[in-house]
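# Structural characterization, general
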Amino acid sequence: MTATSGKTAIVAGASIGGLSAAAALAGRFGDVLVLDRDTLPEGATWRMGAGQGAHLHQLLKAGEQALEKLLPGITQDFYDAGAVDLRVGRDVKVFDFGGWMDECDAGFSVTSLSRPAYEAVLRKRVGALPGVTIRQESDVARLIVENGVCTGVELSNGTKLAADLVVDASGMNGPMMAKLAEDGHAAFETEHVKINVAYTTARFRKPERYRGEQMGYFFLPAPPGKAFGFIVPIENDEWIISLGTRGADVPPRDVEALRQHAMKLPDQTVYDRIKDAELLSEVKTFRKPTATRRKIWEAAKWPDNLLPFGDALSSVNPTYGQGMTVAALEAEALAGMLDARAESGAGMSGLGKEYLTAAAEISGRAWNLSVNSDYVYPETEGERPANYAMNRAMAATLRKLADEHIDFRIARYRMVHLVDSATALRDGPLAVRFFTALQGSMA
Ligand SMILES: Cc1cc2nc3c(=O)[nH]c(=O)nc-3n(C[C@H](O)[C@H](O)[C@H](O)COP(=O)(O)OP(=O)(O)OC[C@H]3O[C@@H](n4cnc5c(N)ncnc54)[C@H](O)[C@@H]3O)c2cc1C
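In this text, all values refer to a predicted model and were calculated from it rather than measured experimentally.

Quick notes on the rules
- Residues numbered from 1 in each chain as written.
- Predicted model: local features only at pLDDT ≥ 70, side-chain atom pairs only at ≥ 80, totals over all residues.
- Heavy atoms only, no water.
- Helix = DSSP H or I, 4+ residues; strand = E, 2+ residues; numbered from the N terminus.
- Rg over C-alpha atoms; globule rule 2.2 N^0.38 Å.
- Buried < 20%, exposed > 50% of the residue type's maximum accessible area, 1.4 Å probe, protein only.
- Contact = heavy atoms within 4.5 Å.
- Areas by Shrake-Rupley, 256 points an atom, 1.4 Å probe, with all protein chains shown as cover.
- Lys, Arg positive; Asp, Glu negative; His and termini not counted.
- Charge placed at Lys NZ, Arg CZ, Asp CG, Glu CD.
- Near = heavy atom within 4 Å.
- Polar contact = N/O pair within 3.5 Å; in protein donor to acceptor, adjacent residues only side chain to side chain.
- Nonpolar A, V, L, I, M, F, W, Y, C, P; charged D, E, K, R; others polar.
- 1 Å grid on protein atoms, 1.4 Å probe; cavity = no way out; pocket = protein on both sides within 12 Å on 5 of 7 lines; lining within 4 Å.
- Points joined across faces, edges and corners; volume = space filled by probe spheres on them.
- Domains from an automatic or database assignment.
- Core = buried A, V, L, I, M, F, W, Y, C linked by side-chain atoms within 4.5 Å.

## Concerning the overall build of the protein chain
- In terms of helices and strands, the protein chain carries 13 helices and 19 strands.
- Here the C-alpha atoms of the protein chain give a radius of gyration of 22 Å, agreeing with the 22 Å that 2.2 N^0.38 yields for 443 residues.
- On the principal axes, the C-alpha backbone points of the protein chain span a range of 60 × 55 × 40 Å.
- When each of the 443 residues of the protein chain is scored for burial, the buried share is 54%.
- A separation of at least 24 residues holds for 72% of the contacts in the protein chain among residues at least 6 apart in sequence.
- Carbon and sulfur atoms make up 51% of the accessible area of the protein chain, which amounts to about 18400 Å² in all.
- Here the protein chain contributes 49 positive and 56 negative side-chain charges, whose respective centroids are spaced 2 Å apart.

Structural data, given as structure tokens:
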């Protein structure tokens, strides 16, 4: 019996963020009601409410580990759903800033599935947890706040639902946050960085000559290059291919333009694979003008018992593949807090503040890595931060060391997968060599 076991939690949004939050709340709250305005599919099908799901989604290692802690066995469920096992450093070749990174075994594998398949597995697992109900076609119109405490939600049909804790996992464009601020219940700063990234994605059947090839290829340009591209194997021996660009360039809008765009990458790996491959999906585009974060952890005003999750808090350049992992890490942190409170008998007082402090650190790690990488490109608008030159020198030093030394290459993969934070370099066994090289580069 925990302090929250008789209580009700409501989660607005049944996408990766909401489902991860529900996994953290299940068993720790008596009832967990997950509401989504979308019609939720039975299986691994694209849906309107998570339109970005058509595009390539990598689940970073740290995200997989967090989900595994919350939902033991889910990694195997991903494999059972057809995920391809990709050994990081070996099975995904990375063309980074002008050259192929040398092969290495980073010491861990990741799953590779389509985003709708990740969501379908998660939805099935979370929906089966005790006390959890997932209700589709339930549009949350507003969060109810009384005397500075969030006490529930109101649906657009006027139904009011009471809760002891509310999670807003309605994504970056959900209407609730704006309404909350408009009604005077919240005051916080929102930070935008204009990244101007555009994606085009399609799924292909592998031609006979590539059947069974389980390799991914990533192309990340050095500026002034803008064309980036990813091809990875997913379930059913298919490829998902996302190609993109930055700035005002128009992304390819049909399969022929996609093939032409593939030719602009530094080598023909992607083009060779898709030049005669059978198209299995629509060709979908997505433009992401800004990386955006709501700095709620510094809010002048914020209701108690309301936790913003996933993209509702922070949404970065998708190229770095961090969004789902950040949501999963936030959920893991929340579960830990609730367990510690259950043990100490602390109840829910101050939970929001404790959660927001952790979420600021988790999302901040992803934000710093991605925004600092974005600032390298001239298409990213906005004033570079005061420490930009140092950040850039550190990133360049790490890239060079990773080219030359396998231990730095592994360290870099671990950071990119959010398994280690940047402090691992500063404080870990590579620190002396790293700072010596950094000093040398700046001399
Ligand atoms: C092109 C692209 C590629 C990406 N690639 C990656 C990647 O490789 N790896 C990765 O980790 N991340 C990637 N991301 C980011 C990832 O998609 C998001 O970070 C992640 O989906 C966030 O999950 P979320 O649950 O917070 O929000 P969302 O996925 O946006 O879900 C919000 C949910 O809330 C529901 N909702 C909205 N409003 C309401 C309401 N009023 N009432 C009820 N329900 C509501 C919606 O229907 C939806 O289900 C990518 C994003 C884009 C755009």
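## Regarding the environment of Arg115
- The topology assignment puts Arg115 in helix α4 (residues 115-127).
- By relative accessible area, Arg115 is classed as buried at 4%.
- Here the alpha-carbon distance between Arg115 and Trp46, two residues 69 residues apart in the chain, equals 8.3 Å.

## Things to note about the site of the ligand
- Of all residues adjacent to the ligand, which total 36 residues, the nearest are Ser15, Gly17, Asp36, Arg115 and Met324.
- Measuring from an oxygen atom of the ligand, one finds a side-chain N or O atom of Arg47 at 2.9 Å.
- Within the backbone of Gln58, one N or O atom sits 2.7 Å away from an oxygen atom of the ligand.
- Out of a free accessible area of 990 Å², the ligand has 96% covered by protein chains.
- Put simply, the parts of the chain that give the shell around the ligand at least two residues each are α1 (16-25) and α8 (323-344).
- Here the residues of the shell around the ligand are counted per class, giving twelve nonpolar, 17 polar and seven charged.

## Some remarks on empty space enclosed by the protein
- For the coordinates displayed, the defined rule picks out three cavities of 30 Å³ or more.
- Taken as a whole, the second largest cavity holds about 60 Å³ of empty space.
- If you trace the second largest cavity, you find it lined by Pro41, Thr45, Trp46, Arg47, Ala50, Gly53, Arg115, Pro116 and Glu119.
- When grouped by side-chain class, the residues that make up the lining of the second largest cavity number four nonpolar, two polar and three charged.

## Observations regarding the side chain of Ser112
- Examined against the element boundaries, Ser112 turns out to sit in strand β6 (residues 109-112).
- Engagement of the side chain of Ser112 in a polar contact is seen with the backbone oxygen of Pro233, the distance being 2.7 Å.
- Ignoring any residue separated from it by four or fewer positions in sequence, one finds Ser112 in contact with Ala83, Val84, Leu86, Tyr118, Val232, Pro233, Ile234 and Glu235.

## Let's talk about the domain arrangement of the protein chain
- Segmenting the protein chain into domains produces domain 1 (8-84 + 112-191 + 290-372), domain 2 (192-289) and domain 3 (384-442).
- The straight-line distance from the C-alpha centre of domain 2 to that of domain 3 is 29 Å.

## Description of the nonpolar core
- Leu25, Phe78, Val126, Val153 and Leu334 are the most contacted members of the largest nonpolar core, which has 79 residues in total.
- With ten residues, α8 is the single largest residue contributor to this core.
- Those residues within four positions of Val126 in sequence are excluded, and the remaining contacts are Leu19, Ala22, Ala23, Leu71 and Val132.
- Counting 30 residues, the second largest nonpolar core, distinct from the first, contains Val197, Tyr199, Val232 and Trp367.

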